[in-house]
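Each chain, written out:
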Amino acid sequence: MSLLTTDVDRAASALLRGGLVAVPTETVYGLAADASNAAAVARIFEVKGRPADHPLIVHLADPADLDEWATAPSAAARRLAETAWPGAMTIIVRKAAKVASVVTGGRDTVGLRVPAHPLARRLLSLSGVAVAAPSANRFGAVSPTTAAHVIDDIGHLLDPARDVVLDGGPCEIGLESTIVDTTTTPPQLLRVGSITVEEVETLLDDHVAAASGPARASGMLPSHYAPRCAVRLVDSPDDAIALAAGTSGAEILDLTGDLADFARRLYAELRSADERGAAVVIAVLPPATGLGVAIRDRLHKAAAPRPG
Ligand code: TXA
Ligand code: MG
């Protein structure tokens, strides 16, 4: 059997049998397991090569499921669930007792999200289970925004007899969800996505703080979301041309213009630069407004010094 399918029924049965399902969401592809099946969730960490203490997001079918997965969600958590779900918003709450510690990396909090993508929603409603899912890439690499990216990254680590890659075409947003920790006062922004900090503040009618304390999200590590090639950042196309002239194996990535289009294409462009064997990608930064803030965040992480 082939890993790749568009058959949601097959994907739902794979989940219920304890298999892994790569699932399209509106942000990026996730690698999903039944959140109540600890052995299946443990395989996600194996396939991703992800440290066991890095928590996973639990994806729910319905905003009303918040109370089943959270303990005493704050007013801020309720408000975000009501106004931003389904959508590209992950809400950190105190976990309900039933949330397995393999999912949260031993934390007493859990990240919850109701995705908006129709295939993800059908998978959740057909299977009747919540799914724990990180982005469907190897740890530290850029997130997959097509089913082909998933196959390239982890296809060889999946088992076609029990796992499935559900093909929903390219992701509409192309950047990971916004993450808000609602267990602090005021709430803290752990990762910015297509929902901007200003939008979160409008939804909450309250101030949102920058993340403080130890890095709680792997997306908060200095180096993450990185392609194999080196990444250098510049502020203008002219600077890119000047830098490229003195850099061997350099390619220029100039997607400035429509920010939604930039976000949608960013990871695919970084992957194809790798495929072409580029040594260095010189990326022109978008302005730091709206979606530009999240794009700049991912580009800075791609450009950060790498461990090892
Ligand atoms: O858009 C997305 O969020 C995608 C799709 C598949 O939903 N998922 C995603 O998952 O990007 P992942 O695991 O690659 O990134 C989730 C981030 C990680 O940095 C993780 O550390 C953080 O969320 N996270 C999850 N649970 C957390 C918790 N309880 N406290 C703090 N951070 C948490
Ligand atoms: Mg990820």
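The model shown is predicted, which means the values in this text are computed figures rather than measured ones.

Draft legend 1. View of the domain arrangement of the chain. When the domains of the chain are assigned, the result is domain 1 (4-210) and domain 2 (230-303). Computed from C-alpha coordinates alone, the two centres of domain 1 and domain 2 are separated by 27 Å. Domain 1 puts 21 residues into the contact, and the matching count from domain 2 is 15 residues. Both faces considered, domain 1 and domain 2 share a buried interface measuring about 1,300 Å² in area, 59% of it formed by carbon and sulfur atoms. For the domain 1 face of the interface with domain 2, the top three residues by lost area are V142, L175 and V192, together amounting to 41%. Applying the counting criterion to the domain 1 and domain 2 interface returns 2 salt bridges. The partner of R271 in a salt bridge is D153, with the nearest N and O atoms 3.0 Å apart.

Draft legend 2. Representation of the packing of aromatic side chains within the structure. The final tally for this structure, using the stated rule, is 1 aromatic pair. Arranged with centres 6.5 Å apart and planes meeting at 20°, the rings of Y225 and Y267 form a pair that is stacked. Of this pair, Y225 sits in the loop between β11 (209-210) and β12 (230-234) while Y267 sits in helix α10 (residues 259-275); the two residues are 42 residues apart in sequence, bridging distant segments of the chain. Taken individually, Y225 and Y267 each receive the classification buried, so the pair is uniform in this respect. Just above the ring of W69 sits the side chain of K98; from NZ or CZ to the centre is 4.1 Å. The positively charged end of R298 is found above the aromatic ring belonging to Y225, 5.3 Å away from the centroid.

Draft legend 3. Quick look at the side chain of S177. Tracing the backbone shows S177 in the loop between β8 (164-166) and β9 (178-181). Of note is the side chain of S177, whose polar atom sits 2.8 Å from the side chain of T90.

Draft legend 4. Representation of the pairing of β9 within the structure. In β9, alternate side chains face the same way, and those of T178 and V180 on one face and I179 and D181 on the other are all buried. Where β9 lies against strand β10 (residues 188-191), 3 bridges are found, and the strand directions are antiparallel. Within the sheet, the bridge partner assigned to D181 lies in β10 and is Q188. Where β9 folds back onto β10 in an antiparallel hairpin, the turn is made up of 6 residues.

Draft legend 5. Examining the layout of surface pockets more closely. As a volume, the largest pocket reaches approximately 560 Å³. Forming the boundary of the largest pocket are 41 residues, of which R50, P55, I57, I179 and R191 lie nearest the centre. Only β4 (57-59), β5 (89-94), β6 (109-113), β9 and β10 provide two or more residues apiece to the lining of the largest pocket. For the lining of the largest pocket, the element with the most residues is β6, which contributes 4 residues. Taken together, the residues that form the lining of the largest pocket break down as 15 nonpolar, 18 polar and 8 charged.

Here is what the cut-offs are and how they apply
In this convention, every chain numbers its residues from 1, walking through the sequence in written order. Chains and ligands are labelled sequentially in the order written, the chains with letters from A and the ligands with numbers from 1. At least 70 in pLDDT is required for a residue's local features to be given in this predicted model, at least 80 for side-chain atom pairs to be given and counted, and no such filter applies to totals for whole chains, interfaces and linings, which use all residues. As a rule here, side-chain values cover all heavy atoms of the structure and leave hydrogens and water aside. Domain start and stop points were drawn from an automatic or database domain assignment. Any two residues whose heavy atoms approach within 4.5 Å at even a single point are treated as in contact. Note on terms: buried area is the combined drop in 1.4 Å-probe accessible area of two parts once they are placed together, counting the loss on both. For this analysis, a salt bridge means a side-chain nitrogen from Lys or Arg found within 4 Å of a carboxyl oxygen belonging to Asp or Glu. Side-chain rings of Phe, Tyr and Trp (the six-membered ring for Trp) are treated as a pair once their centres are within 6.5 Å; stacked means planes under 30 degrees apart, edge-to-face means over 60, and tilted covers the remaining angles. Counting from the N terminus, the helices are the DSSP runs of H or I reaching at least four residues and the strands are the DSSP runs of E reaching at least two. Under the scheme applied here, a residue whose accessible area is under 20% of the maximum for its type counts as buried, over 50% as exposed, and between as partly exposed, the area being computed with a 1.4 Å probe on protein chains only. In this analysis the charged atom, NZ for Lys or CZ for Arg, is taken to sit over a ring once it is within 6 Å of the ring centre and within 35 degrees of the ring normal. Polar contacts, as counted here, are pairs of nitrogen or oxygen atoms within 3.5 Å of one another; within protein the pair requires one atom able to donate a hydrogen and one able to accept it, and residues that are adjacent in sequence qualify only if both atoms are side-chain atoms. Any two strands with at least two DSSP bridges between them are considered paired. Throughout, the protein atoms alone are placed on a 1 Å grid, and a set of points is a cavity if a 1.4 Å probe fits but cannot get out or a pocket if it is open with protein on both sides within 12 Å along at least five of seven lines; lining residues have an atom within 4 Å of a point. Grid points are joined across faces, edges and corners, and a volume is the space filled by probe spheres set on the points. Classes in brief: Ala, Val, Leu, Ile, Met, Phe, Trp, Tyr, Cys and Pro nonpolar; Asp, Glu, Lys and Arg charged; the others, Gly included, polar.

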